[in-house]
Amino acid sequence: MRELKNRVAVVTGGANGIGKGLATRFLTEGMRVVIADNDRGDLERAAAELARLGEVLAVRTDVADAASVQALADAAVDRFGAVHVLCNNAGVGGAQRFSTIGQATWEWTLGVNLFGVIHGCRVFLPILAEQDEAYVVNTASMSGFLTGGYLTPYNVSKAGVVSLTEGLAFEWAEEFPHIGVAVLCPAYTATAIRHDERNAPPGHVPRAQADPSLTGHRDKVNRTIEQEGLPVSAIADLVVRAMAARRTHIFPHPEWLRTWADRVDRVTAQARPLP
Ligand SMILES: NC(=O)c1ccc[n+]([C@@H]2O[C@H](COP(=O)([O-])OP(=O)(O)OC[C@H]3O[C@@H](n4cnc5c(N)ncnc54)[C@H](O)[C@@H]3O)[C@@H](O)[C@H]2O)c1
């Protein structure tokens, strides 16, 4: 998708971090932008800031709730008459041992990170299908390609987003060839995702309380994210260029693919004939 000017983008998790970076970039490209977020205060602040760059609609949305995503789509079409680019980007997650994670935390993480993306793709598909050209960008993570400890709900959700997006790329190439689809897989990016628990549902036990043994690990990861993470403007720049090139995978940190290749080697070794 090369021509963005005057088109309409919807960005979930658009009040902060990567989503706000995408919204900023889309506005500077001359797009009209809908930002969706479940944090009312952040949404209002972001909308006021972004309105200096162009036409913005802010819609309070819980992406884990299909009816709320439908209301977002209705509001976008009511205001702008179309949607051409959908970024299913809202996400939550942080380090915790499996043995300390309760049901509410699993449901919250998979609800936002995986069902949020599924609802977005399903609800917006008929609207995207009506346009001459459209694109869906689903935010996963390098975690969608990697495994390891302390991040099981997050990794499971992001592997699901990778799998969903690859399935859609296969099906839509035939069924809706005018809709491009990509999965965005960043590693460390400079955002305030460390505050993700502020809007967690009742029943989620804060990680610091449920699993204090990982406090040092979490602090280290959060410092790396904030101090060494890629700026969100670099992610947004890559997304715009990848849509123009009709890529299906967007890797802002390609050096991490070596870790994925190591995993493939480890798994392949398990297929050796047994003694
Ligand atoms: N920051 C990183 O290092 C990094 C790395 C890889 C992937 N990601 C992914 O990038 C995406 C954006 O994260 P970020 O780092 O910009 O974090 P962020 O916390 O800055 O932004 C996430 C936004 O999503 C919103 N949100 C949370 N739950 C929601 C819900 N139920 N409905 C609607 N909005 C909701 C939050 O209010 C917030 O504004 C996430 O999917 C995250 O998993 C981030």
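Just so it is clear, the model here is predicted, and its values are computed rather than measured. Note on numbering: residues in each chain are counted from 1, in written sequence order. Totals for whole chains, interfaces and linings use all residues, but because this is a predicted model, local features are given only for residues with pLDDT of at least 70 and pairs of side-chain atoms are given and counted only at 80 or more. Water and hydrogen atoms play no part in the side-chain values, which are based on all heavy atoms of the structure.

Student: An account of the pattern of salt bridges is requested, with residue identities and associated values reported.
Tutor: A carboxyl oxygen of Asp or Glu within 4 Å of a side-chain nitrogen of Lys or Arg is what we treat as a salt bridge. Taken as a whole and judged by the stated rule, the model has 15 salt bridges. Where Asp42 meets Arg198, a salt bridge forms, and the shortest distance between an N and an O atom there is 3.2 Å. Here Asp42, found in helix α2 (residues 40-50), pairs with Arg198, found in the loop between β6 (179-184) and α6 (207-210); they are 156 residues apart in sequence, far enough to count as distant. Look at Arg198 and you get partly exposed, because its relative accessible area is 44%. We count a stretch as a helix when DSSP gives it H or I for four or more residues in a row; a strand needs E for two or more, and each element gets its number in order from the N terminus. A simple rule labels every residue: compare its accessible area, found with a 1.4 Å probe on the protein chains alone, to the largest value its type can have, and call it buried under 20%, exposed over 50%, or partly exposed in between.

Student: Summarise the pairing of strand β3 (residues 56-60); cite the residues concerned and give the values.
Tutor: At least two DSSP bridges between two strands are needed for those strands to be called paired. In this structure, strand β2 (residues 32-37) lies alongside β3, joined through five bridges in parallel fashion. Residue Ala36 lies in a different strand from β3, and its bridge partner there is Val59. Handedness rule for crossovers: strands pointing away from the viewer, path from the first strand over the helix to the second running clockwise, crossover right-handed. One crossover worth recording links β2 to the parallel β3 by way of α2, and it is right-handed.

Student: How would you summarise the nonpolar core if you had to cite specific residues and measurements?
Tutor: The definition of a nonpolar core used throughout is a set of buried Ala, Val, Leu, Ile, Met, Phe, Trp, Tyr and Cys residues joined through side-chain atoms within 4.5 Å. Core analysis: the largest hydrophobic core is formed by 43 residues, its most contacted members being Val10, Val34, Phe124, Leu128, Val136, Trp172 and Ile179. Counting only elements with at least two residues in this core, the list comes to β1 (8-12), β2, β3, α3 (66-80), α4 (103-129), β5 (134-139), α5 (152-175) and β6. Among the elements that take part in this core, α4 stands out by supplying ten residues, more than any other. When checking whether two residues touch, look at their non-hydrogen atoms; a contact exists if any pair is within 4.5 Å. Ignoring anything within four residues of it in the chain, the contact list for Phe124 reads Val10, Val69, Leu72, Ala73, Val83, Leu86 and His119. Core analysis: the second largest hydrophobic core is formed by 32 residues, Ala9, Ile35, Ala182 and Ile235 among them.

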